[in-house]
Amino acid sequence: MTKVLFVVSAADRWTLKDGEVHPSGYWGEELAMPHKIFTAAGWETTIATPGGKAPTLDRLSMSRTAGRPSKLREVARYLDTIQEQLDHPVPLGSVDPDDFDVVFYPGGHGPMEDLAVDPVSGALLTRVLRSGKPLALLCHAPAAALAAQDEDGSWPFAGYRMTGLSNLEEKLNSFGRKAVWLLEDRLRESGAEYAKSRLPLRPFVVVDRNLYTGQNPSSSEQLAQRIVADVGGSVR
């Protein structure tokens, strides 16, 4: 059976450059829809967070501005079915990535706060990227890649073509304009070959070797379906 590790932010806030603390966490659709697709394919899932802390759902991800009402209801219903798993995640520090076939990081602003500077997550990402196993980073989750480092101090993701939430998409939120740093900028500065859709908020997926990235929440399903198709399995 294919085994998937979901690495989820444990942050419940995002600190902005003026010192404002914006309530945050993981984005509902970005966790729920890939989890649902992988489960439907018959895959086994494990959720891990820094310190084994139960992750916080970003309430903004369930608001009327976050998507169609029917999609939000689907996300809410599915999250309810995995609430026990969400309430009792595995501590990230205890995870052996060799036990999993796929590693998936959902986004939300949470990763900008904790995973972007988490050495445990960074070491795991470096190891999985080098292993050749599928590694997926969605929306803000590529921020976690910034904590990765090779033994010689270089960035293991340098030269990889990848996407993530664009500057334009971030600034569509008034509070996003107060970010300490923007993901698109930081990925480019670090050496990634950043790519994005011509239109904001549209599904956009980039695959480079074993690295799978999705630009925004609307890319959640397409990203998961691409992984299932490449790894092998049926999406029902």
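Please refer to the structure placed before this passage.
Read on for a plain summary of the structure. What you see is a predicted model, and the numbers here were worked out from it, not measured in a lab.

1. Remarks on the environment of Q85
Argument step 1. Note that Q85 resides in helix α3 (residues 83–87).
Argument step 2. Looking at Q85, the relative accessible area reads 21%, which means it is partly exposed.
Argument step 3. Each C-alpha atom of the pair Q85 and A11 lies 17 Å from the other, and the pair is 74 residues apart in sequence.
Argument step 4. Other than its neighbours up to four places away in sequence, Q85 contacts H35, T45, T46 and I47.
Argument step 5. Side chain to side chain, Q85 and H35 meet in a polar contact 2.9 Å long.
Argument step 6. In this structure the side chain of Q85 is engaged in a polar contact, spanning 2.9 Å, whose partner is the backbone oxygen of T45.

2. Thoughts on helix α8 (residues 220–231)
Think of an α-helix as 3.6 residues a turn; residues three or four steps apart then line up on the same face.
Argument step 1. With 12 residues, α8 extends 17 Å between its outermost C-alpha atoms, agreeing within 8% with the 16 Å of an ideal straight helix rising 1.5 Å per residue.
Argument step 2. When we look at burial in α8, the residues that qualify are S220, L223, A224, I227 and V228. All buried residues of α8 project into a common sector of 130 degrees when viewed along the axis, lining one side.
Argument step 3. Lining the buried residues of α8 we find α1 (28–40), β6 (102–105), β7 (135–138), β10 (205–208) and β11 (211–214).

About the cut-offs
All chains use their own residue numbering, which begins from 1 and follows the written sequence. Side-chain atom pairs in this predicted model are given and counted only at pLDDT of 80 or more, local residue features only at pLDDT of at least 70, and totals for whole chains, interfaces and linings cover all residues. To obtain the side-chain values, all non-hydrogen atoms of the structure were included, while hydrogens and water were left out. Secondary structure elements follow DSSP: runs of H or I no shorter than four residues count as helices, runs of E no shorter than two count as strands, and numbering proceeds from the N terminus. Only protein chains enter the area calculation, which uses a 1.4 Å probe; residues under 20% of their type maximum are buried, those over 50% are exposed, and those in between are partly exposed. It only takes one pair of heavy atoms within 4.5 Å for two residues to be counted as in contact. Under this definition, polar contacts are N or O atom pairs within 3.5 Å; protein pairs additionally need one hydrogen-donor-capable and one acceptor-capable atom, and for neighbouring residues in sequence, both atoms have to be side-chain atoms. By definition here, a helix of n residues has an expected span of 1.5 Å times n minus one. Think of it as the arc spanned by the lines of direction from the helix axis to the C-beta atoms.

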